[in-house]
Amino acid sequence: MALELRGQTGIYCPSACDGYARYRVLLGGMHLLSPGAKAAARKGTVKQGGTTEAQLPSLSGIPACQGGGFFCPPPADFFPLQERMSDPMSEHKTFYITTPIYYPSDKLHIGHSYTTVACDALARFKRMQGYDVMFLTGTDEHGQKIQDKAADHGVTPKEYVDEIVATVKDLWKLLDVSYDRFVRTTDDYHIETCQKIFTKLYEQGDIYKGEYTGHYCKPCESFWTDSQLVDGKCPDCGREVYDAHEEAYFFKTGKYADRLLKLYEENPQFIQPESRKNEMIAFIKQGLQDTCVSRTSVKWGIPVPFDPKHTMYVWVDALSNYISALGYGNETYDDYKKFWPADLHMVGKEILRFHTILWPAMLMALDLPLPKRVFGHGWLLMNGGKMSKSVGNVVDPVILCDRYGVDAIRYFLLREIPFGNDGMFTNEALITRINSDLANDLGNLLSRTVAMCEKYFGGTVHNVAGTEAIDTELETMVNELTAKVTADMDSLTIPQALMEIFAVIQRANKYIDETAPWALAKDEANKARLESVLYHLCEALRVCGILLNAYLPTTAPKMMEQLGLDASALDLTKTTYGVQETYTVHKGEALFPRIDVAKEIAHLKEEDEKRKAAAEAANKAKAEAEKKAAAPAEESTVDFTHEEEIDFDTFCKVELRVAEVRACENLKESKKLLHLTVFDGERERCILSGIAKWFKPEDLIGKKIGIVCNLAPRPMMKGKYVSEGMIFAADTADGGCSIAFYGDDTPVGSRIH
């Protein structure tokens, strides 16, 4: 078979895999070759037939295969390169990637966004490579904390999580997260799968009933033994634990300890980074205990089908989402055979243990394939600590996106944080990264290039070959870029992939300074050279734009638009220098406007202080409420002396109505009494009330109060005044008085029942 590359003919040998690999080299796909082959390819030579070396072919003239060698003569029915390349790369190629399912006890913060945006970039890049991608995310909605939160808000757990989940989906939409499926552990199909899994494991003896005695961390939803606690607290989050003793079902995790260690040994890529794997090995070797997988004290969970007083412990419920969402154990979906096992579970380091010990042990017990790789990334820290709403250092991604743009925030998360390690979020780092990389490097390169194309060539430039070493250097960087980025994405070094792209962008900016197009434009004799320079810049921008599409999905199409191209140009098979022959550019808005650093930092610092103050106030109020709730009840001062019992008919004779206070004054004759003139809907009447100690006349005038209307008139102050009723008032705990006031929507004269 023959291939066509930029109008030239190249050869593909269907009987030798190296033939196909060689053409990946021509496309910049050197990641498909062995290290030795990569080195040979860079030198311009390649092994042929295992014995002789042949120069890498130019775009015309390719040597023939000699006895099972590298190249074969073309048959008559050759077809274009792009067609040939699309089939073998995409046919039957699937990629299944998952985020952890997030716990919707409150709105998500920038740390959660970090994980999801990283997975989104990987998913987008795999789609660009031609893979059939399944990108799964979702929410883990059961457990003690949700049950307590819902009770605090006076709603059911389902009502509570429904509201939070809506904000999660809104956030992922805002951040351009291209997930394919969203699983909720309250979904019926997930519940069906979990109950089937639990029953199967019980029936085959991998789950048994026992008694749990130990400690429980509510925030982490984790059980701990005495030896596992650190200074008497949860070893994961450092919070207080409480003693737990209840009947429970257990999964025989310890039964699979040896198989887990063998898994790690035979599959060194299963746990990443390497340091995390060593932690898991140490955890197992200290003695792997069976795992508590049910609760009787928590009602908000999936019931154990054969023992409904138990609900499933959150991790068995949560971990099963990765296969329930594909249709395992239910008929809602039918994607299990297509996508399982997962290519990558992306999780935070604090839950890596459950994903690399409990989850594979469960799958071993179910006799199901294991995920290929589990990556435990670090935390996004602020002021040296993990983000926490109670501390007031939580960063709201919605506010950041509204202020700086979605792609700016995506770029910061993907570029700034060393993947696999903890990273620091600071306002200064965010602003610096936006200004330096996005505004100065990328935005400036595009703006200058488009402006010069319009100024010197009316907006249209053609492919004019370079003649100098700096041209070749830029072309080579462009041609090698896809392979470098692909290798970085395969190894999950996402920041490095972006560094490679921006190395080309920075080199292109330097190329402008070296070639000085404004100087070339002064002499008509340099017109061809000037056009070549601008074409080189356009090609560098085009290829970088294609690759940036995985990370900056809003910015990349804008780049193409200014280069005069449409969305179809965002094609990973077109990242070779020279593919686009002509450009007709169009000036557009600045991709990333430069930010006034000092002014912006001052604004962000002010916002941070407001968040901290609000958090401190909330914590203080919570502490006072807890202290009050825990304090012994004070002896009541309420007078419980009872009046003589009356029957219902007698009570009905008391006429209670709403009245409006039209006038009120203090009495000279008494410091205790107020003289009120009230209107009951029919007439005004005088009421004397002993509330002068607690209310001023202006506190009452215009207010609507409750009165007894049919109380017999009572002469007071030696007959000087007649009180024609009584107002409603109550004693307070401090010896004071309170009055019930009615709203404006209550008509004067209304009966009180």
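The structure presented is a predicted model; accordingly, all values stated were derived computationally and were not measured.

*Asks:* For the nonpolar core, give the residues involved together with the corresponding values.
*Replies:* One finds Y404, I501, L548 and Y551 to be the most contacted residues of the largest nonpolar core, which totals 113 residues. Every residue in contact with I501, bar those within four places of it in the chain, is listed here: L481, V485, C544, L547, L548 and Y551. Core analysis: the second largest hydrophobic core is formed by 64 residues, Y322, V347, M364 and A365 among them.

*Asks:* I'd like a rundown of a nonpolar patch on the surface, residues and numbers included.
*Replies:* On the surface, I646, F648, F651 and V654 cluster together to form a nonpolar patch covering roughly 410 Å² of accessible area. With respect to the element layout, F651 can be found in helix α23 (residues 648-652).

*Asks:* Before we move on, can you summarise helix α13 (residues 352-366) with the specific residues and values?
*Replies:* Here α13 contains 15 residues, and its C-alpha end-to-end distance of 20 Å stays within 8% of the 21 Å for a straight helix at 1.5 Å per residue. Along α13, the sharpest change in direction is near 25° and occurs at W359; proline P360 comes one to four residues later. Within α13, 15 of the 15 residues are buried, which leaves the element mostly enclosed by the surrounding structure. Of the residues trailing α13, D367 is marked for its positive phi of about 60°.

*Asks:* Please provide a residue-by-residue account of a negative patch on the surface, values included.
*Replies:* Where like charges cluster on the molecular surface, the negative patch consists of E644, E645, D647 and D649. As for its position among the elements, D647 is in the loop between α22 (597-630) and α23.

*Asks:* I'd love a proper account of the side chain of T193, names of residues and values included.
*Replies:* One can find T193 in helix α7 (residues 188-203). At a separation of 2.8 Å, a polar atom in the side chain of T193 contacts the side chain of N330. Apart from the residues within four sequence positions on either side, T193 is in contact with S324, Y328, G329 and N330.

*Asks:* I'd love a proper account of the pairing of strand β16 (residues 374-377), names of residues and values included.
*Replies:* Neither face of β16 is open: one carries V374 and G376, the other F375 and H377, and all of them are buried. Relative to β16, strand β11 (residues 271-272) runs parallel, the two sharing 2 bridges. Its bridge partner lying in β16, I271 is registered against V374. Note that the unit made of strand β15 (residues 344-348), α13 and β16 has a crossover that is right-handed.

*Asks:* Tell me about the environment of T116, residues and numbers included.
*Replies:* Among the structural elements, T116 can be located in helix α4 (residues 110-128). Exposure remark for T116: the relative accessible area of 0% places this residue in the buried category. A sequence separation of 63 residues divides T116 from Y179, and the C-alpha atoms of the two residues are 9.2 Å apart. Apart from the residues lying within four places of it in its own chain, the contact partners of T116 are T99, Y102, F135, W172 and V177.

*Asks:* Can you break down the pattern of salt bridges residue by residue, with the values?
*Replies:* Enumeration according to the criterion identifies 35 salt bridges in this entry. Of the charged contacts, one joins E141 and R184 as a salt bridge, the two residues approaching to 2.6 Å between their closest N and O atoms. Taken together, the positions of E141 in the loop between β6 (132-139) and α5 (144-153) and R184 in strand β7 (residues 181-184) put the pair 43 residues apart, joining distant regions of the chain. In this structure, E684 and R662 form a salt bridge, with 3.3 Å as the shortest nitrogen-oxygen distance. A residue pair is termed long-range when its members are at least 10 positions apart, and E684 in strand β24 (residues 684-689) and R662 in strand β22 (residues 656-667) qualify at 22 residues. Look at E684 and you get partly exposed, because its relative accessible area is 44%. For R662, a relative accessible area of 43% corresponds to the partly exposed category. Where salt bridges share partners, they join E141, K158, D162 and R184 into one cluster.

So, how was this worked out
- Residues numbered from 1 in each chain as written.
- Predicted model: local features only at pLDDT ≥ 70, side-chain atom pairs only at ≥ 80, totals over all residues.
- Heavy atoms only, no water.
- Core = buried A, V, L, I, M, F, W, Y, C linked by side-chain atoms within 4.5 Å.
- Buried < 20%, exposed > 50% of the residue type's maximum accessible area, 1.4 Å probe, protein only.
- Contact = heavy atoms within 4.5 Å.
- Patch = residues over 30% accessible without salt bridge, like charges linked within 9 Å, V, L, I, M, F, W, Y side chains within 5 Å.
- Areas by Shrake-Rupley, 256 points an atom, 1.4 Å probe, with all protein chains shown as cover.
- Salt bridge = Lys/Arg side-chain N within 4 Å of Asp/Glu carboxyl O.
- Helix = DSSP H or I, 4+ residues; strand = E, 2+ residues; numbered from the N terminus.
- Expected span 1.5 Å × (residues − 1).
- Bend = angle between axes of the 7 residues up to and from the residue.
- Lys, Arg positive; Asp, Glu negative; His and termini not counted.
- Charge placed at Lys NZ, Arg CZ, Asp CG, Glu CD.
- Polar contact = N/O pair within 3.5 Å; in protein donor to acceptor, adjacent residues only side chain to side chain.
- Pairing = 2+ DSSP bridges.
- Right-handed = clockwise from strand over helix to strand, strands pointing away.

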